[in-house]
Structure formats: structure tokens, C-alpha cells
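Listed here are the chains, written in short residue letters.
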Amino acid sequence: MANVLASLRSNQSLKRKLLSPKTGVPLVALVLVIALLTNKVDIGFSDTWEHITTLNPWWYAAAFVSHYSTFIFRGARWRVLIANAHRHGGGPPPTVAYAARVILMAWFGNSVTWFRMGDAYRAYAYASDTNTSFSRSMGTVMADRFIDLIVVAVLITIGVGALFIGGQIVPPILLVVVAAGALVVVGLGLIGMILARRWVAPRLPEKIREAYQRFHSGTMDSFGRMHVVFALGVLGWLSEAGRLFCVVMSVGTPVALGLVLFVPMANGLLTAVPLTPGGLGLVETGVTGLLGLELAVEAALAVALVDRSISYVSIVALGGAVFMARQIRAARQAYAHEKGETA
């Protein structure tokens, strides 16, 4: 009887989670997107399904490897930023493997929560593991996000140029305007931080002022060795472009290389604004629409769904497993510490 009641409670809990805004709204958004595509475009879903079921597993595996190599480059970049921020003291930077693992957990957090809470978790995890300031760690994450937007803006411009040179596809110039806007946002954000430190921070309560000073220092001190930081950022995004290239090859629908570079950058802009967790609904629509510049809509949708099986579903699965392992390890350490104190 107890087992039956436990099962019922578990099912009720699952239903509440599925119907909660955190999970229900993104699912509804995805359903509405598919419904909108169905109403606006005559999609042959049997053709889409055929593309998916006949994909080349070797190219798919290569896409998987290419995608997860981005964490190596991103982890190395964050390590450099932390080393820059700590050059006046603060301990040695983490290993690339550690930084990559924390970023993977952060991406999991961004995929299942609103407002990119995974970024805050990244700062929390590093601060907790190294016994350093959360505010200063959050500053390095903010610097990482700023640099990411700059890299995306540069690469999306290159992708547009490649498409114009190819002459077969006319890319939407609006995304270049959005990329330029992202650079303006970065610039205004940095100027705002400088002004806030000079004019606002001195008027804040002491604890808040000190926290902001650490955050400001963590952000501004991170900017150094920019040639290395920028190169690692480019390699990280090229890994994602490589994922898309392998996906389109696995589905058997090769496209222009300019489009392969352009689409992941456009998605980077879409997910920069956290309207849904992990860009769920937005990215699928964006990939389908952009690839539809060259492919039939059925093939474009197949590529989008296969691509998201790696860039979203696998992140939730693998990132969630790494996150749970860390939480279990932290709980055991806390229990052992508490037990040692009471002994």
C-alpha cells in the first residue's frame, strides 16, 4: 500500500512539474511553433521523418563530438579570464577540464530554467568549490558573456559576407543589424558598469557596495590576453558550426558553408535573450527558417530537429547527470563534515 501511495504522489508531482510554468510554457511554445509552421507552410512530415530515420550514424556521431568539443575551448577561455581576474591575487585558475564541466552544468541550467540561471549557477559552483567570492566569480562569467556576443557578431558578419560572395542565398540583413546592436549593448554595459562604480556604488550600503566592487573587478580584470581569449571563443563557435555541418551531412542535405557558419551564430543571438529555457521553440523555428533559404522546408525541419537532439536534448541528459553527480557529492561531503563536527 505504501508503494502505491508513493507512486501516486510521484505521478502527481510529475504532473505538477509538467503543468508548471517552468516546463509547461516552453512545451506549449514549441507546440505553437509547430502549429504555426504547419498552418503557414505545407509541410510533408513524412518526408521530414524519412530524412531523420535515414540519417548517417557516423556523421551524427561526428556532430556529437564536434558539439562537445566546444566545452573544451569554452572552458579554456573561461580559465584564461579567471587567471586574468586573479592576477593580483585570488589563487590559481581551475583546470580546463573543471571549467568545461562547470560550463556544461551551466548550459543544463540554462536549458531547464528561465533568465539564464545557469550562468549564475556557474559562478556559484566555482565560488563554492574554490571558497572564493561569488560576486567576483560572477564578474568573470559576465566578461565571458560579453566576449561571446562580440565573437558572435564578428562571425555572423563573416557568414553574411560569405553568403553574399556565393551569390546563391540572400541572408536576412536584419540579423546583422541585431549583431551590431549586440555590440552596442556590450559597449553600453561596460560604460554603465564604469559609471555605476564611480557614481552609484559609493552611495550604496557597505555590503552591497563591496559586493559590486568585487563584481566590477571580476568583470574588468578579466579582459586581458584578448588575442587568446578571442581565438578560443572563435574555436568554440566553430565547433558548433562543425556540429551543424555534420548534421546536414548526416541527413543528406548539404548546404552552403556560409549558411553553416551563419545559422549557429544566429541561434547564439536568439538564445542571448532568455525568452524560453534554452531557446526552446525559438531555435527550432530559427534553424528551420534560415535553412529554408536553401533547403525544402521538410529537409530544413529534419536538420533542425536532429541538431536540437544534440544541442538541447543531450545537454539536458548529460548536463543533468553531471549536475546530479555534483550535488550528490556535495551532499555527502556536507554530511561527512557535519558528522565529523558532532563526533
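Note: the structure precedes this text.
Predicted, not measured: the structure shown is a model, and the values here were computed from it. (Residues numbered from 1 in each chain as written. Predicted model: local features only at pLDDT ≥ 70, side-chain atom pairs only at ≥ 80, totals over all residues. Heavy atoms only, no water.)

### Looking at the pattern of salt bridges
When charged atoms on two side chains of opposite charge get close, those side chains can pair. This is how the line gets drawn: Basic side-chain nitrogens of Lys or Arg form a salt bridge, by our definition, when they fall within 4 Å of a carboxyl oxygen of Asp or Glu. Throughout this description, buried means an accessible area under 20% of the type-specific maximum (1.4 Å probe, protein chains only), exposed means over 50%, and partly exposed covers the range between. Every helix listed is a DSSP run of H or I at least four residues long, and every strand listed is a run of E at least two residues long, numbered separately from the N terminus.
Within the structure shown, the criterion is met by 13 salt bridges. Taking the shortest distance from any N to any O, the salt bridge between arginine 116 and aspartate 119 comes out at 3.1 Å. Aspartate 119 sits in the buried class, given a relative accessible area of 8%. Between aspartate 144 and arginine 122 there is a salt bridge whose closest N-O contact spans 3.0 Å. Within this pair, whereas aspartate 144 is found in helix H7 (residues 134-166), its partner arginine 122 is found in helix H6 (residues 117-130), the two being separated by 22 residues in sequence. One continuous salt-bridge network, built from bridges that share partners, spans Arg74, Arg77, Arg116, Asp119, Arg122, Asp144, Arg145, Asp148, Glu240, Arg243 and Asp307.

### Overview of helix H11 (residues 257-272)
What counts, and what does not: Multiplying 1.5 Å by the residue count of a helix minus one yields the expected span of that helix. In this description, contact between two residues means that some pair of their heavy atoms is separated by no more than 4.5 Å.
Between its first and last C-alpha, H11 extends 23 Å over 16 residues, near the 22 Å set by a 1.5 Å rise per residue. Along H11, 12 of the 16 residues are buried, which leaves the element largely enclosed by surrounding structure. Taken as a whole, H11 has its buried residues at Gly258, Leu259, Val260, Leu261, Phe262, Val263, Pro264, Met265, Ala266, Asn267, Gly268 and Leu269. Where H11 is buried, its residues meet H7, helix H8 (173-200), helix H10 (226-251) and helix H12 (282-291).

### Quick notes on the side chain of serine 66
With respect to the element layout, serine 66 can be found in helix H4 (residues 57-85). Residue serine 66 is classed as buried on the basis of its relative accessible area of 15%. With residues up to four places along the chain from it excluded, the contact list for serine 66 reads Ser239, Gly242 and Arg243.

### Here we look at the nonpolar core
Put simply, the rule is: Here, nonpolar core means buried Ala, Val, Leu, Ile, Met, Phe, Trp, Tyr and Cys residues that are tied together by side-chain atoms lying within 4.5 Å of each other.
Membership of the largest hydrophobic core comes to 75 residues, with the highest contact counts inside it found for Phe71, Trp78, Ile156, Leu259, Phe262, Leu291 and Val303. Element by element, the count of residues in this core is highest for H7, at 12 residues. When residues no more than four places from it in sequence are discounted, the contact partners of leucine 291 are Val255, Leu259, Val263, Ala300 and Val303.

### Observations regarding the packing of aromatic side chains
Our working definition: Centre distance within 6.5 Å is the pairing criterion for rings of Phe, Tyr and Trp, where only the six-membered ring of Trp is used; planes under 30 degrees apart are then read as stacked, over 60 as edge-to-face, and the remainder as tilted. Placement of a charge over a ring requires the Lys NZ or Arg CZ to be within 6 Å of the ring centre, with the centre-to-atom vector within 35 degrees of the ring normal.
All chains considered together, the criterion is met by 10 aromatic pairs. Ring centres 6.3 Å apart and planes at 55° place the aromatic pair tyrosine 98 and tyrosine 126 in the tilted group. Here tyrosine 126 lies in helix H6 and tyrosine 98 lies in helix H5 (residues 96-112), a separation of 28 residues in the sequence. Note on tyrosine 98: relative accessible area 13%, which makes it buried. Aromatic pair tyrosine 212 and phenylalanine 215: ring centres 6.2 Å apart, planes at 50°, arrangement tilted. Separated by three residues within a single helix, tyrosine 212 and phenylalanine 215 lie in helix H9 (residues 206-220), roughly one turn from each other. Note on phenylalanine 215: relative accessible area 17%, which makes it buried. Here a set of aromatic residues connected by ring pairs shows up, and it is made of Phe64, Tyr68, Phe71 and Trp107. The cationic tip of arginine 74 hangs over the ring face of tryptophan 237; the distance from NZ or CZ to the ring centre is 4.8 Å.

### Concerning the packing of H7 against H11
As a reminder, the rule being used: Lines fitted to C-alpha atoms define the axes, with helix axes restricted to the stretch in contact, and inter-axis angles between N-to-C directions lie between 0 and 180 degrees. By convention the crossing between two helices is left-handed if the near helix lies anticlockwise of the far one by an angle smaller than a right angle, and right-handed if it lies clockwise. Under the convention adopted here, Pro, Cys and the residues Ala, Val, Leu, Ile, Met, Phe, Trp and Tyr are nonpolar, Asp, Glu, Lys and Arg are charged, and Gly plus all remaining residues are polar.
Contact geometry of H7 with H11 gives a least axis separation of 8 Å together with a crossing angle of 145°. The interaxial crossing formed by H7 with H11 has left-handed handedness. Facing Leu149, Val152, Leu155, Ile156, Ile158, Gly159, Val160, Ala162 and Leu163 of H7, the residues of H11 in contact are Gly258, Leu259, Leu261, Phe262, Met265, Ala266, Leu269 and Ala272. Considered class by class, the residues forming the contact of H7 with H11 number 15 nonpolar, two polar and no charged.

### Here's the deal with the environment of tyrosine 126
Residue tyrosine 126 is classed as buried on the basis of its relative accessible area of 2%. Residue contacts for tyrosine 126: discarding those within four places in its chain leaves Trp78, Ile82, His86, Pro92, Pro94, Tyr98, Thr132 and Ser137.

### Side note on the environment of phenylalanine 164
By the secondary structure assignment, phenylalanine 164 is in helix H7. Judged by relative accessible area, phenylalanine 164 falls into the partly exposed class, the value being 43%. Considered as a pair, phenylalanine 164 and glycine 258 are 94 residues apart in the sequence and their alpha carbons are 8.8 Å apart. Here phenylalanine 164 is in contact with Val170, Pro171 and Ile173, once residues within four sequence places are set aside.

### Things to note about unusual backbone geometry
It is generally the case that most residues other than glycine have a negative phi and that most peptide bonds are trans. Residues other than glycine seldom take positive phi values, yet phenylalanine 115 does so here, at roughly 60°. Inspection of the secondary structure assignment puts phenylalanine 115 in the loop between H5 and H6. Positioned with a positive phi, asparagine 131 is a non-glycine residue whose angle comes to about 55°. Locating asparagine 131 in the fold gives a position in the loop between H6 and H7. On the basis of relative accessible area, asparagine 131 is assigned to the exposed category, the value being 72%.

### With respect to H6
Taking 1.5 Å of rise per residue, the 14 residues of H6 would be expected to cover 20 Å, and the 20 Å separating its terminal C-alpha atoms lies within 8% of that figure. Of all the positions in H6, only Gly118, Asp119, Tyr121, Arg122, Ala123, Ala125, Tyr126 and Ala127 are classed as buried. Two residues or fewer past H6, asparagine 131 is found with a positive phi of approximately 55°.

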